[in-house]
Amino acid sequence: MCGIAGIISLNGSEPKPGRIFSMTRAMSHRGPDGEGYLLAGGNKDAIPNENCPVYSAPSTRPIHFGHRRLSIVDLSAEASQPMTDISGKYWITFNGEIYNHREIRAELERCGQKFKTDHSDTEVILEAYKFWGYDCLQHFKGMFAFALWDTEQDLVWLVRDRFGKKPFYFGIKEGLFYFASEIKSILKCDCFKREMDLQAFSDYLSFTFVPPPLTLFKGISKMAAGHYMIIKNGHVSEQKPYYDVFKNVRIKHQLKEEEALEGFRTRFSKAIDLRRESDVPYGAYLSGGVDSSSVVAELTRLTGKSAYTFSVGFSNDTQRYKNEFEYARKVAKLFNTTHFEIELTEKDFTSVLSQLAYHQDEPLSDVACVPLYYLSKLARDNGIIVCLGGEGSDETFIGYEYWRRLYEYQKLNDALPILKPAIRGFANIPIIRKRRPYYAKWSERVKKHERIFRGGVENFTDSEKSHFFKPGFQKSEGIQPVYRIIEHFNDRYERESGGDDLVNLMSFIDLNLRLPELLLSRIDKMSMAASVEARAPFMDHELIEFSMCIPSHLKFKNKTEKYIIKKAMEDSLPNDILYRPKEGFQIPTFHFLHTSMKGYLKEKIDFFTKEFDFVNEQARQDLINVKDDRHSWYFMNLAIWWERFSKE
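For clarity, every value in this text was computed on a predicted model and none was experimentally measured.

**Q** How would you sum up the overall build of the protein chain? Please name residues and give values.
**A** Helix and strand content of the protein chain: 29 helices and 19 strands. In terms of overall dimensions, the protein chain has a C-alpha envelope of 70 × 60 × 50 Å along the principal axes. For the protein chain, with 648 residues in total, the buried portion stands at 63%. Looking at the protein chain alone, contacts between residues at least 24 apart form 73% of all its contacts between residues at least 6 apart. Across the protein chain, 90 positive and 89 negative side-chain charges occur, with their mean positions spaced 3 Å apart.

Structural data, given as structure tokens:
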């Protein structure tokens, strides 16, 4: 796990002296163990005299790579980056882990490839590219973002992993292509103005994140998950997809329950085993929920040793929510883990909001960012550098009641279309509309012949946004409705899967949107802010591909979300862990907004609406008065983020 940065000349333009240095240094938290630079076709004196390696190489165009290292696999100096192969013809700066690097290395050695390091996974990427070309990606099991320079072809290959566990941002200015693991790194270059992209802003209000290729900064883009780009002879390609989750799905919805359970157990165990690959101590985040408890159970079974586990909760002074420490402690005791806890106060929560906005690069607005940061810091403070988490299970094995209800609603509409008017009437009964507002929203979309699923989180609908902005603003700025994004993935799903299963469609949309740009971005940025590598076994691509073979009715059999995981783990975990109601991180955020944070909320909303005058006055008042908790929280995070970055 590391931070990468680079500048590639497209037309012979020279990067400013020291620019790659400042870009890379901006991400020191991602790699506290070392740094290194490649200055190809450039002047070595461009880097200040620092105690770090600076390499040079002949090149017809300036190519600068920077790297911050968090040492996880092969801790030797020989495994530092940027790295070249034995021939010196191929260079790479790489962020992530290739979990099956030993297996790939052995295969390549049998084919005659030569290695200079003992067991560096970075070198495996170089040799795999030399042997298989672009197809090497199909051999990798892991998380990765990298830039690989092929000097013989005057080609730089830029890649983001299958599900976007690792970030990759880029922009082009003055004949130079800039890239980095974090936006703040690119913003170190004064040619990029801190100007908000208003289409991205509109999309953020809908999703609480910005879908690729946009970012909230005009002129800075992000690579989509499972895509790559090529810069050849100074020409930059479009983003190209290389991964299709359905490519290896051969059995379509034919699995019986026992086959599904056994298939899950086998693949889940393998996913955990692969993610134990490390030369530094590792542990697991433990909330006491199904996902994290399953990870700890399987990790203990595989190693036969006590695992390190970490839990976070909030002080329960207000008695407004249920702390989950009791369940985490039960699992820790069951598996005799070396367990650490941290209990946060309201002051702990509010004091880091600006700091975390800086680490997020774009406002993610997920309240779980705060406990995840403290959880990662707790691990780091206790000597643990790698932590396994539970991201991805809800989206692939269906852990949301909302999804189950949507599936049942869609089935009813499809089976009895004559009842659609009656269903709409039921959905608009005041008490139903208050308790289950999504039914009315779904009914309206059915009436318009639109797909009803818009992703795992939907904040402002297009209709709500039209009341939020001043009249005519969206039209004058050419802002497009968010449905264009959903339709793109609907079309891709039908083209790639050849089916119309609603549950798999929901998984597919979130695998391409919410998971990479919110949940995986959240865990990456909050863990890296504490210099910890987070790994997600449920995001193993073979496990996810298998999940697409499981019939929908088995994923929430007997109205039980994540039925397959819970049933498969019954021999390892007690029922009060497996079958208790889903709670997630319990944070009294919205209580804070109505009480101690009310003045802070007003201050941030006022700051933002003075900077940008397109919010109508009634909407501003509604945000300040917390008419809708979610809207106020998401918008306040946006304001905190803009205040932090506009002043840098």
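Moving on from the model shown.
**Q** A description of the side chain of Asn 95 should follow, citing residues and the corresponding values.
**A** Its place among the elements puts Asn 95 in strand E6 (residues 90-98). Among the polar contacts made by the side chain of Asn 95, one reaches the main-chain amide nitrogen of Cys 2 at a distance of 2.9 Å.

**Q** Quick one: what's the story with the sheet that holds strand E19 (residues 533-535), residue by residue and with numbers?
**A** Pairing within the open sheet is parallel, and its five strands lie in the order E17-E16-E15-E18-E19. Each end of this open sheet is capped by a strand with a single partner; those strands are strand E17 (338-344) and E19. Across this sheet, the average inter-strand angle for adjacent strands is 30°, counted without regard to direction. Two elements, strand E18 (residues 386-388) and E19, share three bridges in a ladder whose sense is parallel. Residue pairing across strands places Cys 387 opposite Ala 534, the latter belonging to E19. Together, strand E15 (282-285), strand E16 (308-314) and E18 form the strand contacts of helix H7 (residues 290-303), whose direction differs from that of E15 by roughly 155°.

**Q** Pulling in residues and values, what's your account of the packing of helix H27 (residues 598-611) against helix H29 (residues 629-646)?
**A** Two elements in contact, H27 and H29, have axes whose closest approach is 9 Å; the angle formed by their N-to-C orientations is 65°. Regarding H27 and H29, the two cross each other, and that crossing is left-handed. Mapping the contact onto sequence places Tyr 600, Leu 601, Lys 604, Ile 605, Phe 607, Phe 608 and Glu 611 in H27 and Ser 632, Phe 635, Met 636, Leu 638, Ala 639, Ile 640, Trp 642, Glu 643 and Ser 646 in H29. Residues of the contact of H27 with H29, tallied by class, amount to eleven nonpolar, two polar and three charged.

**Q** Summarise the sheet that holds strand E3 (residues 54-57); cite the residues concerned and give the values.
**A** Ordered in space as E3-E2-E4-E1-E10-E9-E11, the seven strands form an open sheet in which the pairing is mixed. Each having just a single partner strand, E3 and strand E11 (221-222) make up the two edges of the open sheet. Pairing of strand E1 (residues 2-9) with strand E4 (residues 63-69), which is carried by seven bridges, proceeds in the antiparallel orientation. Its bridge partner lying in E4, Ile 4 is registered against His 67.

**Q** Could you give an account of the packing of helix H13 (residues 401-415) against helix H16 (residues 437-447), with specific residues and numbers?
**A** Helix packing for two helices is described by the angle between their axes and how far apart those axes are. Across the interface, H13 lies against H16 with an axial gap of 11 Å and an inter-helix angle of 40°. With respect to H16, the axis of H13 lies oblique. The hand of the H13/H16 crossing is right-handed. Across from Tyr 402, Arg 405, Leu 406, Tyr 409 and Asn 413 in H13, the residues of H16 making contact are Tyr 438, Tyr 439, Trp 442, Ser 443 and Val 446. Each residue belonging to the contact of H13 with H16 can be placed in one class, and the counts come to seven nonpolar, two polar and one charged.

**Q** Talk me through the pattern of salt bridges; I want residue IDs and the actual numbers.
**A** Scanning the entire structure with this criterion turns up 50 salt bridges. For Glu 517, the salt bridge goes to Arg 160, with nearest N and O atoms at 3.0 Å. Within this pair, whereas Glu 517 is found in helix H21 (residues 514-529), its partner Arg 160 is found in strand E8 (residues 155-160), the two being separated by 357 residues in sequence. Here Arg 160 falls in the buried class, since its relative accessible area comes to 3%. A salt bridge links Lys 562 to Asp 291, with the nearest nitrogen and oxygen atoms 3.0 Å apart. A residue pair is termed long-range when its members are at least 10 positions apart, and Lys 562 in the loop between helix H23 (552-555) and helix H24 (563-568) and Asp 291 in helix H7 qualify at 271 residues.

**Q** Tell me what's going on with the environment of Glu 341, and back it up with residues and numbers.
**A** Counting through the fold element by element, Glu 341 comes out in strand E17. Setting aside anything within four residues of it in sequence, one finds Glu 341 in contact with Ser 311, Phe 325, Arg 329 and Leu 378.

**Q** Before we move on, could you go through unusual backbone geometry and cite the residues and values that matter?
**A** The bulk of non-glycine residues show a negative phi, and the bulk of peptide bonds are trans. In this chain, Gln 81 is followed by Pro 82 through a cis amide linkage whose omega measures -5°. In the segment running from Pro 212 into Pro 213, the intervening peptide bond is cis, with an omega of 10°. As for its position among the elements, Pro 213 is in the loop between helix H5 (198-207) and E11. Of note, Ser 531 is a non-glycine position whose phi angle comes to about 60°, a positive value. When you line up the elements, Ser 531 lands in the loop between H21 and E19. Backbone geometry places Val 626, a non-glycine residue, at a positive phi of 55°.

Reading the values: rules and limits
- Residues numbered from 1 in each chain as written.
- Predicted model: local features only at pLDDT ≥ 70, side-chain atom pairs only at ≥ 80, totals over all residues.
- Heavy atoms only, no water.
- Helix = DSSP H or I, 4+ residues; strand = E, 2+ residues; numbered from the N terminus.
- Buried < 20%, exposed > 50% of the residue type's maximum accessible area, 1.4 Å probe, protein only.
- Contact = heavy atoms within 4.5 Å.
- Lys, Arg positive; Asp, Glu negative; His and termini not counted.
- Charge placed at Lys NZ, Arg CZ, Asp CG, Glu CD.
- Polar contact = N/O pair within 3.5 Å; in protein donor to acceptor, adjacent residues only side chain to side chain.
- Pairing = 2+ DSSP bridges.
- Axes fitted to C-alpha atoms, helices over the stretch in contact; angles between N-to-C directions.
- Left-handed = near helix turned anticlockwise from the far one by under 90°.
- Nonpolar A, V, L, I, M, F, W, Y, C, P; charged D, E, K, R; others polar.
- Parallel < 35°, antiparallel > 145°, perpendicular 65-115°, else oblique.
- Salt bridge = Lys/Arg side-chain N within 4 Å of Asp/Glu carboxyl O.

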